[in-house]
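This is what each chain is made of:
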Amino acid sequence: MKTAGRTTYQAPSAMPVAKYRPFLDVNPVDLPDRTWPTRRITRAPRWLSTDLRDGNQALIEPMDPARKRAMFDLLIAMGYKEIEIGFPAASQTDFDFVRQLIEDEAIPGDVVVSALTQSREDLIHRTIDALVGAPRANVHLYNATAPVFRDVVFRADRDATKELAVSGTREVLAYAEKIFDDDTVFGYQYSPEIFVDTELDFALEVCEAVMDVWQPSAEREIILNLPATVERCTPNVYADQIEYMSRNLSRRQYIALSVHPHNDRGTAVASAELAVMAGADRVEGCLFGQGERTGNVDLLTLGMNLMTQGVDPEIDFSDVDHVRRVVEQCTRMDVHPRHPYGGDLVYTAFSGSHQDAIAKGMVRREADIAAAGGDENAVAWNVPYLPVDPHDLGRNYEAIVRVNSQSGKGGVAYLMSSTRHLELPRRLQIELSQIVQRHSEVGGGEITAESLWQIFADEYLPASTAEGLKPWGRFSLRGTTVTTADDGEHATLTVNLTDHGEDRVLAATGNGPIDAFVKALGQLEIDIHVLDFAEHALSTGGDATAAAYIEAEVNGQVLWGVGIDPSITTASFKAIISAVNRAVRDAS
Ligand SMILES: CC(=O)SCCNC(=O)CCNC(=O)[C@H](O)C(C)(C)COP(=O)(O)OP(=O)(O)OC[C@H]1O[C@@H](n2cnc3c(N)ncnc32)[C@H](O)[C@@H]1OP(=O)(O)O
Ligand SMILES: CC(C)C(=O)C(=O)O
Ligand SMILES: [Mg+2]
């Protein structure tokens, strides 16, 4: 055999790479003494949901008032305390929705609602007018500060760009003072748009100028939100930028430093997490990562990531399917089946070795919980391949193992145990999984728990008609009578069965009922050696049903039989008949 040495492929593609520049060449960050890499997140940041603004503005069909209200009510029920409820100056519908929430008194007293506006006097006034009467209201003003916007969109230099932020802040303050009475707690948020592309010294200069107007203090917080409007760099670079701002902003103790990652590179979650390590106090995002283009950072993933580290997300995700349903109804977009924590398939294993490990992990967990006196929380979650307990998100365990052609014995055994309470012995698991494998290769798709049962019953319980199966098999047991001999060691057995449809009565004595049964069948030239035997009850109570599993060598062929019956002895006889029928099937 030849082996390959270390390989480097050097094959230039036809992609137009030369058109692009490394982000750091254009936007250097000089922070060699960065501290964020060794920090840990020990409590949840403040969250802002912008589902009703950034999420909504990116929908093919923006939410109507009823859907907006359903989203708002969901966010409140989940525990979000800061919610951006729209861009009221955008349209009459957006304005009316904000008014409706306030007039319906739907905003709890501890919830801050905010509304976004450009830095234009008429839009600022309209935004503030919309918020009148809210218990706690923030105006969120943004303007683009990045060079490409200064150059292409606004044709404004640095001073003019800064002046737009400053004049907008002044206007917000002046108009808010005029309009709001003491019934509203008023707050202010400023975002330098595409912060990540803005020269850091300039982002700092604009934020400082805005603060000079707002005059933050202990009673007068300012939210400075630093968006990755378009995600264009790796999360570590964003973290450096956030640490730079956190260290260099004056009046830091009065600032809620906020981040707003988008997901263009697919790393919004990592960006948010590293940004929090780098000093961010607050994260803006949307449920299931809705939002412009590839979306805003996903609040569900961020929250659940914290929980899996033992940190309280301070948000209720205990019914993730309800959350998903509401989000899907409101956005009219489907959640991907592999979406972290909430997708249909994210707690499901199809492949054999994963299923095997999960099944073993679940058995171990149950034993550990029993040993801990039944206290689930006393046993750390440690099930292979499952980063989180699906129960904690309102999912049951049924879907964690699903069987297809990639599955092995572990998955088959898990389904038989979890759906039918049959604890198959290991070698029977192997035998059954090979039978199932053949079925899935022919059918090509998934073997559901129901179809697995059909395959099992048809193979091992051929006399059963209960599942709508066609009975087959040379022998069918009609009844037995056991008499224990006076010596207490021998059993005499009378067996009533049908053989090829003909009634037969056999009698034999053995050193136990099974031995006697085997000897009785021997009279029909069926040579049986029992190799292994297992049994267990299937349910408790008076009508307890038993399952028996017998591995036998029948006329030279080794295979398993299964019997289910209220009587454990009859279950064993049925298991022998099952093995015999399987062995003589081809011959009959
Ligand atoms: C990164 C983000 O997500 S920002 C939020 C984006 N969300 C939205 O735009 C949704 C709501 N927007 C709207 O309904 C409309 O854009 C409105 C009502 C705000 C404005 O509508 P219009 O006046 O027709 O302007 P239009 O939509 O073309 O926006 C571009 C204009 O706004 C100006 N502008 C853009 N951002 C800002 C800002 N932050 N401050 C001041 N002016 C701005 C542009 O320079 C441009 O002006 P110009 O027409 O004089 O060149
Ligand atoms: C308005 C701002 C915060 C925004 O949505 C962005 O920059 O992505
Ligand atoms: Mg955004």
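Given the structure is predicted, the values throughout are model-derived calculations rather than measurements.

Draft legend 1. Highlighting the overall build of the protein chain. Regarding its fold elements, the protein chain presents 18 helices and 14 strands. What you see for the protein chain is a C-alpha radius of gyration of 34 Å, clearly larger than the 25 Å of a compact globule of 588 residues, by over 25%. Dimensions along the principal axes, computed over C-alpha positions, put the protein chain at roughly 105 × 70 × 45 Å. The long-range share in the protein chain, meaning contacts at least 24 apart out of those at least 6 apart in sequence, stands at 64%.

Draft legend 2. Seen up close, the nonpolar core. One finds Ala275, Phe517 and Ile576 to be the most contacted residues of the largest nonpolar core, which totals 147 residues. Examining the composition of this core, we find that eight residues originate from one element, helix H18 (residues 568-584), more than from any other. Apart from residues lying up to four places away in sequence, alanine 275 is in contact with Tyr238, Ala239, Ile242, Val259 and Ala280.

Draft legend 3. Focus on the site of ligand 1. Around ligand 1, 18 residues are found, and the nearest of them are Phe87, Ala90, Gln118, Ser119 and Asn143. Counting residues per element, the ones that place at least two in the shell around ligand 1 are helix H2 (51-57) and strand E4 (136-144). Of the residues belonging to the shell around ligand 1, the class tally is nine nonpolar, five polar and four charged.

Draft legend 4. Inspection of the sheet that holds strand E9 (residues 475-484) at higher detail. Pairing within the open sheet is antiparallel, and its three strands lie in the order E9-E10-E11. Taken across any chain shown, the strands that pair with only one partner, and hence form the sheet edges, are E9 and strand E11 (502-510). The mean inter-strand angle of the sheet, taken between neighbouring strand axes irrespective of direction, is 15°. Bridge count for strand E10 (residues 491-499) against E11 is nine bridges, and the pairing is antiparallel. Pairing of threonine 492 across the sheet is with threonine 509, part of E11. Packed onto the sheet, helix H17 (residues 513-522) meets E9, E10 and E11 and runs at close to 130° relative to E11.

Draft legend 5. Seen up close, the sheet that holds strand E13 (residues 546-554). Spatial strand order, E12-E13-E14: three strands in an open sheet with antiparallel pairing. Of all strands in the sheet, those with a lone pairing partner are strand E12 (528-537) and strand E14 (557-565), marking the two edges. When strand polarity is set aside, the average angle formed by the axes of neighbouring strands in this sheet is 15°. Here E12 pairs with E13 via nine bridges, running antiparallel. The residue of E13 that forms the bridge with histidine 529 is glutamate 553. Across the sheet, H18 lies against E12, E13 and E14, angled at about 140° from E14, the strand it touches most.

Draft legend 6. Expanded view of the environment of leucine 249. For leucine 249, the location among the structural elements is in the loop between helix H9 (235-248) and strand E7 (255-261). Residues leucine 249 and cysteine 207, 42 residues apart in the sequence, show an inter-C-alpha distance of 8.0 Å. If we skip the residues at most four places from it in the chain, leucine 249 touches Leu204, Cys207 and Ile255.

Draft legend 7. Up close: the site of ligand 2. Around ligand 2, the neighbouring residues are Asp54, Leu116, Tyr142, Ser191, Glu193, Asn225, Pro227, Thr229, His260 and His262. Of all the elements in the fold, those that place two or more residues in the shell around ligand 2 are strand E5 (185-193) and strand E6 (222-228). A breakdown of the residues in the shell around ligand 2 according to their chemical character gives three nonpolar, five polar and two charged.

Draft legend 8. Examining the UniProt feature "domain: Pyruvate carboxyltransferase" (unreviewed entry) in the protein chain more closely. As recorded in UniProt, the sites labelled "domain: Pyruvate carboxyltransferase" (unreviewed entry) are residues 45-321. Between the C-alpha atoms that bound residues 45-321 the distance is 24 Å, and the span itself is 44% helix and 18% strand.

Parameters at a glance
Residues numbered from 1 in each chain as written. Chains lettered and ligands numbered in written order. Predicted model: local features only at pLDDT ≥ 70, side-chain atom pairs only at ≥ 80, totals over all residues. Helix = DSSP H or I, 4+ residues; strand = E, 2+ residues; numbered from the N terminus. Rg over C-alpha atoms; globule rule 2.2 N^0.38 Å. Contact = placed C-beta atoms within 7 Å. Core = buried A, V, L, I, M, F, W, Y, C linked by C-beta atoms within 7 Å. Buried ≥ 20, exposed ≤ 12 C-beta atoms within 10 Å, placed from the backbone. Near = placed C-beta within 6 Å. Nonpolar A, V, L, I, M, F, W, Y, C, P; charged D, E, K, R; others polar. Pairing = 2+ DSSP bridges. Axes fitted to C-alpha atoms, helices over the stretch in contact; angles between N-to-C directions. UniProt positions renumbered as here; feature names shortened; annotations may be inferred.

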